Amino acid sequence: METAKKRLFSGVQPSGPLHIGNYFGALKQWLDHQEEYDCVFSVVDYHALTSLKDPKLVHEYTLSAIKDLLAIGIDPNKSILFQQSRVSEHTELAWILDCLVTVPFLELSHAYKDKVAKGLEANAGLFTYPMLMAADILLYDTDVVPVGEDQRQHVEYAREAAAKFNNAYTQTFKEPKEMIVKNVAIVPGTDGKKMSKSYGNTIPLFATKEEITKAVMSIVTDSSGERPENVFAIHKLFLDQSGLDKIYSNPTMRGKYKLIKEALIEDLEKFIAPMREKRANISDEEAVRIINEGSEKAKALAAAKMAEVRSKVGVAL
Ligand code: TYM
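Throughout, a residue's number is its position along its own chain's written sequence, starting from 1. In keeping with the predicted nature of the model, local features appear solely for residues at pLDDT of at least 70, side-chain atom pairs appear and are counted solely at 80 or more, and the whole-chain, interface and lining totals rest on all residues. Excluding hydrogens and water, the side-chain values take into account all heavy atoms of the structure.

**A few points about the overall build of the protein chain**
Per the convention used, a helix needs a DSSP run of H or I reaching at least four residues, while a strand needs a run of E reaching at least two, with both numbered from the N terminus. Across its full length, the protein chain holds 13 helices and five strands. Relative to its length of 317 residues, the protein chain is compact, with a C-alpha radius of gyration of 21 Å against a globular reference of 20 Å. Dimensions of the protein chain along its principal axes, counting C-alpha atoms only, are 75 × 45 × 40 Å. Working definition: with a 1.4 Å probe on protein chains only, accessible area under 20% of the residue-type maximum means buried, over 50% means exposed, and in between means partly exposed. Looking at the protein chain residue by residue over its 317 residues, the buried ones come to 50%. Only heavy atoms matter for contacts: two residues are in contact if any of them lie within 4.5 Å across the pair. Intrachain contacts of the protein chain at a sequence separation of at least 6 include 79% that bridge at least 24 residues. For the accessible areas, the method is Shrake-Rupley and the probe is 1.4 Å, while residue cover comes only from the protein chains on display. Total accessible area on the protein chain is roughly 15500 Å²; 53% of this is exposed by carbon and sulfur atoms. With the radius of gyration taken over C-alpha atoms, the globule rule is written as 2.2 Å times the number of residues to the power 0.38.

**Some thoughts on the site of the ligand**
The near set for a molecule or strand comprises every residue that places at least one heavy atom within 4 Å of it. The ligand sits among 27 residues. The nearest are Y129, D136, D150, Q151 and V187. In protein, a polar contact requires one atom able to donate a hydrogen and another able to accept it; more generally it is a pair of N or O atoms within 3.5 Å, and residues adjacent in sequence count only if both atoms are side-chain atoms. Here an oxygen atom of the ligand sits 2.8 Å away from a polar atom, N or O, in the side chain of Q13. Contact between the ligand and D136: a nitrogen atom at 2.7 Å from a side-chain N or O atom of the residue. Of all elements in the fold, only β1 (7-12), α1 (20-32) and α7 (124-138) reach the threshold of two or more residues within the shell around the ligand. Residues are grouped as follows: nonpolar covers Ala, Val, Leu, Ile, Met, Phe, Trp, Tyr, Cys and Pro; charged covers Asp, Glu, Lys and Arg; every other residue, Gly included, is treated as polar. Class assignment of the residues belonging to the shell around the ligand gives a composition of 14 nonpolar, ten polar and three charged.

**Some thoughts on the environment of L70**
Here L70 lies in helix α3 (residues 55-72). Beyond its immediate sequence surroundings of up to four residues, L70 is in contact with P76, L81, K278, I282, A287 and I290.

**Some remarks on the pairing of strand β2 (residues 38-43)**
For β2, the buried fraction is high: five of the six residues fall into the buried class. At least two DSSP bridges between two strands are needed for those strands to be called paired. With six bridges connecting them, β1 and β2 associate as parallel partners. Paired with R7 across the bridge in β2 is D38. With α1 bridging β1 and its parallel neighbour β2, the resulting β-α-β unit is right-handed. In this sheet, strand β3 (residues 80-83) lies alongside β2 in parallel orientation, the contact comprising four bridges. By definition, the crossover connecting two strands over a helix is right-handed if that path, from the first strand to the second, turns clockwise as seen with the strands pointing away from the viewer.

**Considerations on the side chain of D136**
Position of D136 relative to the elements: it lies in helix α7. Although D136 is buried, it forms no salt bridge, and the closest oppositely charged side chain is K115 at an N-O distance of 12 Å. A polar side-chain atom of D136 sits 3.0 Å from a polar atom in the side chain of Q84. Polar side-chain contacts of D136 include one of 2.7 Å to the side chain of H90. Non-local contacts of D136, meaning those with residues more than four positions away in its chain, are made with F9, V44, H47, Q84 and H90. Charged-residue counts in this description rest on Lys and Arg as positive and Asp and Glu as negative, His and the chain ends being excluded. Any Lys or Arg side-chain nitrogen located within 4 Å of an Asp or Glu carboxyl oxygen qualifies as a salt bridge.

**Brief notes about the pattern of salt bridges**
Taken as a whole, this structure holds 24 salt bridges when the rule is applied. The salt bridge partner of K174 is D143, with a shortest N-O separation of 3.1 Å. Within this pair, whereas K174 is found in the loop between α8 (152-169) and β5 (177-179), its partner D143 is found in the loop between α7 and β4 (144-146), the two being separated by 31 residues in sequence. Of the residues examined, K174 reaches a relative accessible area of 38% and is grouped as partly exposed. Close ionic contact of E308 with K305 constitutes a salt bridge, the shortest N to O distance being 3.6 Å. Of this pair, E308 and K305 both sit in helix α13 (residues 284-313), separated by three residues, roughly a single helical turn. Judged by relative accessible area, which is 31%, E308 ranks as partly exposed. Connected through shared salt-bridge partners, D141, K305, E308 and K312 make up one network.

**Regarding unusual backbone geometry**
For D141, which is not glycine, the phi torsion reads 50° and is therefore positive. Even without being a glycine, T170 presents a positive backbone phi close to 75°. On the secondary structure map, T170 appears in the loop between α8 and β5.

**Focus on the domain arrangement of the protein chain**
Domain delimitation follows an automatic or database domain assignment. Domain annotation for the protein chain reports domain 1 (7-184 + 284-313) and domain 2 (197-279). With centres defined by C-alpha atoms, the gap from domain 1 to domain 2 works out at 31 Å. A simple way to read buried area is as the amount of 1.4 Å-probe accessible surface that goes missing from two parts once joined, with both sides added. Roughly 1500 Å² is buried in total at the junction of domain 1 and domain 2, and carbon and sulfur atoms are behind 68% of that figure. Counting across the domain 1 and domain 2 interface gives one salt bridge. Between R279 and D68 there is a salt bridge; the shortest N-O distance is 2.4 Å. Across the contact surface, domain 1 and domain 2 share seven residue pairs in polar contact (both at pLDDT 80 or more). Of all elements in the fold, only α1 and α3 reach the threshold of two or more residues within the side of domain 1 that touches domain 2.

Listed below in structure tokens is the structure:
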């Protein structure tokens, strides 16, 4: 007897160009599980509104993220790929979850505290962000959520929100688990800190050769060390041990940071060039067509779940 596949859900904010931290920390896991799981992926544009106010940029980054995901190999014939704002059930469920959780519970969010400490506006959307993310995950009866380490607490929030709802209104939601791959849980940027759009230390996933060169040449190196650790940390995303040994255990390369950086530029270019080409062949129209189809499929699933939720909370007459 064929058993149903487990559900995998994940999302990415269209808040700027995707970078290799997104790829290795999360998106690669999306790709690796497209066969084994029943996958639903979202471009979470309403989450991006917590920080992005320029409508032109929201539009540009959303379309761009859809193309990026198609170019890396998200296959709309295998997985559902949709735009969060097109499925209004997400904001609807988020409201119901907001009414179940307390302010002190949301105040425990590291992401919220970090963002406000960095000077981001403490808007109410940013504060209740974890419940919109919980709604994303819970609407699809999700089993696993592949993410980077920085999203661990958000998946815990989703689990706790599910438990609170189930406790208040009888069993309705599955409690999801995070899927975090240990050695890529926190991909470092060009300064050795976590790679992040907001730190300006990224290597864009669809960088041109010039952009790759500029980013790699900006990697901070400490000339007193055995090897340039920040370069090595990025290089090991692309090479296996024997590939790394050829560079980092090669006596003729020792201390030659410029040569080592040039080798990283070549390896990045080898990795990025085919995806860049594929992306250049995806038109705006095709991206919109695919996201429209995916959003309809997601809507059907979310609507069924919300009908159950409305009935359970008592608003269905
Ligand atoms: P976002 O858009 O910031 O990032 C997308 C994914 O990339 C991972 N990531 C990293 N992983 C390792 N090292 C890094 N340096 C690095 N930088 C980013 C993130 O952990 C994430 O998995 N809140 C989410 C978006 C979201 C979501 C969801 C995710 C909304 N709803 C439901 C999963 C399920 C976010 O801001 O990710």
